[in-house]
Amino acid sequence: MKIAIIAAVAKNGVIGRSTGEMPWHSSEEFRHFKSTTLGFPVIMGRKTFESLGKPLKGRLNIVLSRQENYDPGNEVKVMRSLQQAYDFCRDSNYEKIFVIGGGYIFPEGMKDADEMIISVMDFNAEGDVCFPEIKESEWKLASSEKRNGFEVFHYERRDS
Ligand SMILES: NC(=O)c1ccc[n+]([C@@H]2O[C@H](COP(=O)([O-])OP(=O)(O)OC[C@H]3O[C@@H](n4cnc5c(N)ncnc54)[C@H](OP(=O)(O)O)[C@@H]3O)[C@@H](O)[C@H]2O)c1
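None of the values given here were measured: they were computed from a predicted structure.

Asker: I'm lost on the site of the ligand in this one. Help?
Answerer: In the neighbourhood of the ligand, 31 residues make up the surrounding shell, with Gly16, Gly45, Gly101, Gly102 and Gly103 lying closest. Listed by contribution, the elements that provide at least two residues to the shell around the ligand are β1 (2–9), β2 (14–16), β3 (42–45), α2 (46–52) and α4 (105–112). A total of 4 residues in the shell around the ligand trace back to one element, the largest contributor, which is α2. Looking at the shell around the ligand residue by residue, the class counts come to 12 nonpolar, 12 polar and 7 charged.

Here it is in structure tokens:
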């Protein structure tokens, strides 16, 4: 099972705000996110799930929370750790899963991921949640593609 990270990152590294809201809205970037992740499980932190407001359609939504009684509804699976989510998806025979954020989840997910699909937006953003450093010693750039308002960088783990 392949583990992929997908994120949209402002030029200054910002991905969001700890108060919950996304600092920008890009329909085209969201379309890219949707078409890339459709059909695959998406794993996210509880705050990211709450900022979305509802489950992402056409994908198994797995929300990470340490709260004993957290209940976001029937359509969503709650897991206590990334490892538990990986084990569940592996047992369910998914060929690929996406770790979709936010700031608490990306650093841990990056340790396990085989690939990363990073949209770098054409602007800086205001926020206090940032994407971790992408170390050249660990990640090689496989491809990049310019889109309207952002550029998609596809990284592969050097040792995979
Ligand atoms: N630009 C992007 O690509 C992108 C992607 C995703 C999110 N975002 C933005 O990022 C912001 C939210 O990020 P955030 O860093 O504040 O929160 P987050 O990472 O989405 O969620 C944090 C919560 O997840 C749970 N959690 C974290 N690590 C866990 C672990 N190892 N095991 C189990 N549960 C764990 C905890 O929930 P409990 O408190 O319930 O225990 C924690 O409070 C929002 O602004 C969102 O819009 C941006």
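Structure's up, so let's keep going.
Asker: Please explain the sheet that holds β3 as it appears in this structure.
Answerer: Two strands in a sheet stick together by hydrogen bonds in their backbones, pointing the same way (parallel) or opposite ways (antiparallel). A sheet is described by the order of its strands in space; here 8 strands give the open sequence β5-β4-β3-β6-β1-β7-β10-β9, paired in mixed fashion. Every interior strand has two partners, whereas the edge strands, β5 (76–79) and β9 (139–147), have only one. For this sheet, the mean angle separating the axes of adjacent strands, direction not counted, is 25°. With 4 bridges joining them, β1 and strand β6 (residues 96–99) adopt parallel strand pairing. Within the sheet, the bridge partner assigned to Ile3 lies in β6 and is Ile97.

Asker: How do you make sense of the pairing of strand β7 (residues 115–121) when you look at a structure like this?
Answerer: If a strand is regular, its side chains alternate between the two faces of the sheet. Counting buried positions along β7 yields 5 of 7 residues, so the element is predominantly enclosed. Bridge count for β7 against strand β10 (residues 150–157) is 7 bridges, and the pairing is antiparallel. Bridging across to β10, Met116 finds its partner in Tyr155.

Asker: Just to check I follow, could you spell out unusual backbone geometry for this structure?
Answerer: When glycine is set aside, most residues are seen to have a negative phi, and most peptide bonds are trans. Between Gly101 and Gly102 the backbone carries a cis peptide bond, its omega angle lying at 0°. The topology assignment puts Gly102 in the loop between β6 and α4. A positive phi is found at Asn93, a non-glycine position, where the angle reads about 65°. Within the secondary structure, Asn93 is located in the loop between α3 (82–91) and β6. The exposure class assigned to Asn93 is exposed, which follows from the 7 C-beta atoms found within 10 Å.

Asker: Just checking my understanding: could you explain the nonpolar core for this structure?
Answerer: One recurring pattern in soluble globular proteins: nonpolar side chains tend to sit buried together. If you look at the biggest cluster of nonpolar residues, it comprises 38 residues, and the most contacted ones within it are Ile5, Ala7 and Ile43. At 7 residues, β1 tops the list of elements feeding residues into this core. Contact partners of Ile5, with chain neighbours within four places excluded, come to Val99, Phe106, Gly109, Met110, Ala113 and Met116.

Asker: Just checking my understanding: could you explain α3 for this structure?
Answerer: An α-helix turns once per 3.6 residues; consequently, residues spaced three or four apart project the same way. The set of residues buried in α3 consists of Ala85, Tyr86 and Cys89. Down the axis of α3, the smallest arc covering the buried residues is 100°, so these residues share one side. Along α3, exposed side chains directed more than 90 degrees from the buried face belong to Gln83, Asp87 and Asp91. Buried residues belonging to α3 abut β1, β3, β4 (61–64), β5 and β6. Positive backbone phi, approximately 65°, marks Asn93, located one or two places after α3.

Calculation notes
Residue numbers restart at each chain and count upward from 1, following the sequence in its written direction. In keeping with the predicted nature of the model, local features appear solely for residues at pLDDT of at least 70, side-chain atom pairs appear and are counted solely at 80 or more, and the whole-chain, interface and lining totals rest on all residues. Contact assignment follows one rule, namely that a residue is near a molecule or strand if its backbone-placed C-beta atom lies within 6 Å of it. The helix and strand labels rest on DSSP assignments: H or I over at least four residues marks a helix, E over at least two residues marks a strand, and numbering proceeds from the N terminus. Amino acid classes used here: Ala, Val, Leu, Ile, Met, Phe, Trp, Tyr, Cys and Pro are nonpolar; Asp, Glu, Lys and Arg are charged; the rest, including Gly, are polar. Any two strands with at least two DSSP bridges between them are considered paired. Each axis is a line fitted through C-alpha atoms, and for a helix only the stretch in contact is used; angles between axes span 0 to 180 degrees, taken between their N-to-C directions. Burial in this document is a count-based property: other C-beta atoms within 10 Å of a residue's C-beta are tallied, and the residue is buried at 20 or more, exposed at 12 or fewer, or partly exposed in between, with C-beta positions derived from the backbone. Structurally, a nonpolar core is described as a collection of buried Ala, Val, Leu, Ile, Met, Phe, Trp, Tyr and Cys residues joined by way of C-beta atoms within 7 Å. Residue pairs are scored as contacts if the distance between their C-beta atoms, which are placed from the backbone, is within 7 Å. Arc definition: directions from the helix axis to the C-beta atoms.

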